[in-house]
Amino acid sequence: MSLEGNTEIKLEHVSKTFVDKKNMSYPVLKDICLEVKKQEFLVLLGAGRTGKTVLLELISGLDGEYEGTISFAGGQLETKDMGIVFQKYALFPWKTVLENVEMNQKFRGMEKEERIAKAKGYLKLVGLEGFENHYPHQISGGMKQRTAIARAFAGESDIMLLDEPFGALDAQTRWQMEEEVLRIWEEEKRTVIFVTNNIEEAIYLGDRIVLLEGSPAMIKKEYIPDMKRPRSYTDTRFLELRNEIGDDFALVL
Amino acid sequence: MARMKKWMDLLLPVLSVFLLLTLWILLHVRKPDIMPAPLDVLQKLWEITLHPISKATLPIHILVSLGRVLGAFALASVLGVTFGVLLGWYETFHHIAWPVFEIIRPIPPIAWIPLIILWCGIGETSKVVIVFIGAIVPIVLNTVAGIRQVNPMLLKAARSMGANDMAIMREAVLPDSLPSIVAGMKTALSTGWMCVLAAEMVVARQGVGFLIIRGMDSGDSALILAGMVVIGVVSALITVALNYLEVRLCPWKVTQK
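Keep in mind the model is a prediction, meaning the values are calculated, not measured.

(A) Empty space enclosed by the protein, seen in detail. The final tally for this structure, using the stated rule, is 1 cavity of 30 Å³ or more. Each pocket or cavity is described by its volume, and for the largest cavity that value is around 60 Å³. As for the largest cavity, its lining consists of Met82(A), Gly83(A), Ile84(A), Phe86(A), Asn104(A), Arg108(A), Ala148(A), Arg151(A), Ala152(A), Ala157(B), Ser160(B) and Met161(B). Looking at the lining of the largest cavity, the elements that each hand over two or more residues are β5 (82-85) and α4 (141-154) of chain A together with α7 (152-160) of chain B. The residue inventory of the lining of the largest cavity, partitioned by class, reads 7 nonpolar, 3 polar and 2 charged.

And the structure:
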């Protein structure tokens with residue numbers, strides 16, 4: 001099944017309920033309908049525990065048990081057809097930066113020379129030239145996340161899923177990485193779904209922002225930050241949108 | 001302060017060894033006929049290094065014991081890791097094999113000695129089998145624990161890169177469990193060293209365990225203590241070598257600490 005027009009991913013009435021060992025049901029997502037356009041930078045925004053990561057796992061195929069349908073422009077896609085950047089880097093600690101990035105194409109069966117050249121290209125793209133032979137425990141959190149981004153990009157999937165990739169970074173590094181990820185995306189356009197709980201990050205990055213809320217989580221509202229990039233945090237419209245989302249954003253603490 | 005601490009770090013181990021020697025000498029002074037002096041033991045060590053007992057000098061006895069341990073250890077490593085991976089990774093295999101393992105596991109290797117001698121006789125095989133029984137248990141336990149603690153994020157990442165089951169096992173599961181497996185091997189080697197001595201004390205014509213029994217049979221307490229000193233020193237050397245090997249095998253774990 002292929003999708004019409006400009007749509008890359010389509011979610012129809014997707015719901016997810018976890019059932020524990022005592023047969024208790026925990027509904028996490030309810031009736032999510034969402035279309036992601038080709039080469040769109042879509043941000044999924046929500047407070048903690050609003051099922052954002054779960055939704056990403058459903059889209060990526062890491063979790064295949066749900067109600068509703070998820071379809072792709074490219075037909076039946078599996079986990080391996082998407083590039084994923086995880087919250088806590090998920091790098092192989094026994095491999096160097098270069099080897100980590102190389103793994104993506106190694107698993108896919110590419111010849112050694114070719115995949116090394118490709119990995120080096122992506123390391124250059126994320127600004128990690130000269131760190132090829134470092135091990136993950138020898139580099140900073142920001143550099144680990146750059147490595148993870150390079151690794152995900154090296155798979156050359158059209159769809160990139162980023163699950164709160166900068167959540168563990170300090171504010172300064174976080175701003176740098178946001179700039180960086182936009183630069184990479186503009187250089188190598190892919191369809192991106194970016195999960196975050198940070199309103200400003202969402203406005204800074206997204207072509208479109210989808211707000212998830214409630215338990216089970218539903219799509220509460222959508223926003224389009226109609227501003228040219230690079231966006232400024234102090235721009236009037238930036239601040240207006242931040243206040244608008246902030247009012248809708250129920251902080252359940 | 002830092003310099004002071006450095007001195008203390010050097011001084012304290014020396015003091016503790018000195019304390020042990022003092023206690024030894026005190027015992028010797030009170031009961032000289034059954035407790036030889038440290039110097040007597042040193043002299044005995046020198047003597048048996050030059051003059052063979054039961055056709056072998058001390059280095060040969062040590063090598064004989066070590067050979068038995070290493071042979072059994074190699075066998076236990078291969079089979080133990082394989083068995084541990086099956087137990088840790090495949091739920092069905094775990095259901096089938098774990099109860100049996102759990103019943104056999106607590107039986108001390110020494111309790112197997114009579115049965116093994118009945119089955120395998122008093123040759124080399126029985127000693128190797130006894131050491132094998134002692135060594136395989138910690139290797140299996142640590143392999144299972146390592147496999148079960150593999151970081152699930154790494155498995156997800158590998159899947160997102162198109163890895164099949166074999167590749168996930170080879171590139172993610174095994175390397176991530178390696179520190180735990182190596183820790184199991186360390187325990188296995190020291191357990192194996194204890195088992196070989198026990199086995200040799202029951203029946204052997206060569207080996208460090210045999211030296212101790214020979215000492216007891218001939219009322220030569222210096223020979224008994226010489227054997228015990230050798231056990232301690234060899235065991236300490238094995239630990240040092242294994243710690244070094246651990247750093248080489250899992251550099252990412254050790255430098256993180």
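(B) View of helix α5 (residues 171-187) of chain A. Residues and elements named next belong to chain A. Helix length check: α5, at 17 residues, gives a terminal C-alpha distance of 24 Å against a target of 24 Å (1.5 Å per residue), a fit within 8%. Buried residues of α5: Thr173, Arg174, Met177, Glu178, Glu180, Val181, Leu182, Ile184 and Trp185, and no others. Looking at the packing, one finds that the buried side of α5 touches β3 (41-45), α3 (112-125), α4, β6 (159-163), β7 (191-196) and α6 (199-205).

(C) Spotlight on the interface of chain B and chain A. The partner chain A presents 21 residues to the 19 residues of chain B that form the contact. Three residues, Ser160(B), Met161(B) and Glu171(B), lead the burial of chain B against chain A; their summed loss comes to 35% of the area buried on that side. The tally of links between chain B and chain A comes to 3 salt bridges. Note that Glu57(A) is salt-bridged to Lys156(B), the shortest N-O span being 2.5 Å. Taken together, the links from chain B to chain A amount to 3 residue pairs in polar contact (both at pLDDT 80 or more). Looking at the side of chain B that touches chain A, the elements with two or more residues in it are α7, α8 (165-202) and α11 (251-254) of chain B. Top element by residues in the side of chain B that touches chain A is α7(B). It accounts for 7 residues. In terms of residue class, the side of chain B that touches chain A is made up of 11 nonpolar, 4 polar and 4 charged.

(D) The arrangement of the sheet that holds strand β8 (residues 208-213) of chain A in detail. All names here are of chain A. Spatial strand order, β5-β6-β7-β3-β8-β9: 6 strands in an open sheet with mixed pairing. The two strands at the open ends of the sheet, each matched to only one other strand, are β5 and β9 (218-223). Here the strands of the sheet are splayed against their neighbours by 20° on average, with no regard to which way each runs. The pairing of β6 with β7 spans 5 bridges and is classified as parallel. Bridge pairing in β7 links aspartate 163 to valine 195. Contacting β3, β6 and β7, α5 runs over the sheet at an angle of about 145° to β3. Packed onto the sheet, helix α7 (residues 236-248) meets β3, β8 and β9 and runs at close to 165° relative to β9.

(E) View of the packing of helix α4 (residues 91-104) of chain B against helix α6 (residues 124-148) of chain B. Residues and elements named next belong to chain B. Interhelical geometry of α4 versus α6 gives an angle of 150° and a closest axis separation of 14 Å. In terms of axis orientation, α4 runs roughly antiparallel to α6. The handedness of the crossing between α4 and α6 comes out as left-handed. Taken together, the residues of α6 that come into contact with α4 (itself represented by Glu91, His94, Trp98 and Phe101) are Val137, Val140, Leu141, Val144 and Arg148.

(F) Spatial organisation of the layout of surface pockets. Residues and elements named next belong to chain A. The computed volume of the second largest pocket comes to approximately 290 Å³. Around the second largest pocket, the lining is made up of 15 residues, and of these Val28, Arg49, Thr50, Gly51 and Val54 lie nearest the centre. Looking at which element gives the most residues to the lining of the second largest pocket, the answer is helix α1 (residues 52-60), with 3 residues. Taken together, the residues of the lining of the second largest pocket break down into 6 nonpolar, 6 polar and 3 charged.

(G) Main features of the nonpolar core. Ranked by size, the top nonpolar core spans 101 residues in total, and within it Ile9(A), Leu11(A), Ile59(A), Phe92(A) and Ile193(A) carry the most contacts. Broken down by element, this core gets its largest block of residues, 15 residues, from α8(B). Judged by nonpolar contacts, the second largest core, of 48 residues, contains Leu128(A), Phe153(A), Leu182(A) and Ile209(A).

(H) Main features of the packing of aromatic side chains. All names here are of chain A. Applying the stated criterion across every chain yields a total of 12 aromatic pairs over all chains. The interplanar angle of 55° and the centroid separation of 5.7 Å between the aromatic rings of phenylalanine 166 and phenylalanine 194 together place this pair among those described as tilted. Of this pair, phenylalanine 166 sits in the loop between β6 and α5 while phenylalanine 194 sits in strand β7; the two residues are 28 residues apart in sequence, bridging distant segments of the chain. What makes phenylalanine 194 buried here is its relative accessible area of 0%. Lying across the ring of tryptophan 185, lysine 189 places its NZ or CZ 4.1 Å from the centre.

(I) View of the side chain of Asp163(A). Following the sequence through the fold, Asp163(A) ends up in strand β6. Within the structure, Asp163(A) has its side chain in polar contact with the side chain of Thr53(A) (distance 3.2 Å).

(J) Quick look at the sheet that holds strand β4 (residues 67-72) of chain A. All names here are of chain A. Read across the open sheet, the 3 strands follow the order β2-β1-β4; overall the sheet is antiparallel. Each edge of the open sheet carries a strand with a single partner, namely β2 (25-37) and β4. Each adjacent strand pair in this sheet contributes to an overall mean axis angle of 15°, direction not counted.

Conventions adopted
Residues numbered from 1 in each chain as written. Chains lettered and ligands numbered in written order. Predicted model: local features only at pLDDT ≥ 70, side-chain atom pairs only at ≥ 80, totals over all residues. Heavy atoms only, no water. 1 Å grid on protein atoms, 1.4 Å probe; cavity = no way out; pocket = protein on both sides within 12 Å on 5 of 7 lines; lining within 4 Å. Points joined across faces, edges and corners; volume = space filled by probe spheres on them. Helix = DSSP H or I, 4+ residues; strand = E, 2+ residues; numbered from the N terminus. Nonpolar A, V, L, I, M, F, W, Y, C, P; charged D, E, K, R; others polar. Expected span 1.5 Å × (residues − 1). Buried < 20%, exposed > 50% of the residue type's maximum accessible area, 1.4 Å probe, protein only. Contact = heavy atoms within 4.5 Å. Buried area = accessible area lost by both parts, 1.4 Å probe. Salt bridge = Lys/Arg side-chain N within 4 Å of Asp/Glu carboxyl O. Polar contact = N/O pair within 3.5 Å; in protein donor to acceptor, adjacent residues only side chain to side chain. Pairing = 2+ DSSP bridges. Axes fitted to C-alpha atoms, helices over the stretch in contact; angles between N-to-C directions. Parallel < 35°, antiparallel > 145°, perpendicular 65-115°, else oblique. Left-handed = near helix turned anticlockwise from the far one by under 90°. Core = buried A, V, L, I, M, F, W, Y, C linked by side-chain atoms within 4.5 Å. Phe/Tyr/Trp six-rings, centres within 6.5 Å; stacked < 30°, edge-to-face > 60°. Lys NZ or Arg CZ within 6 Å of the ring centre and 35° of its normal.

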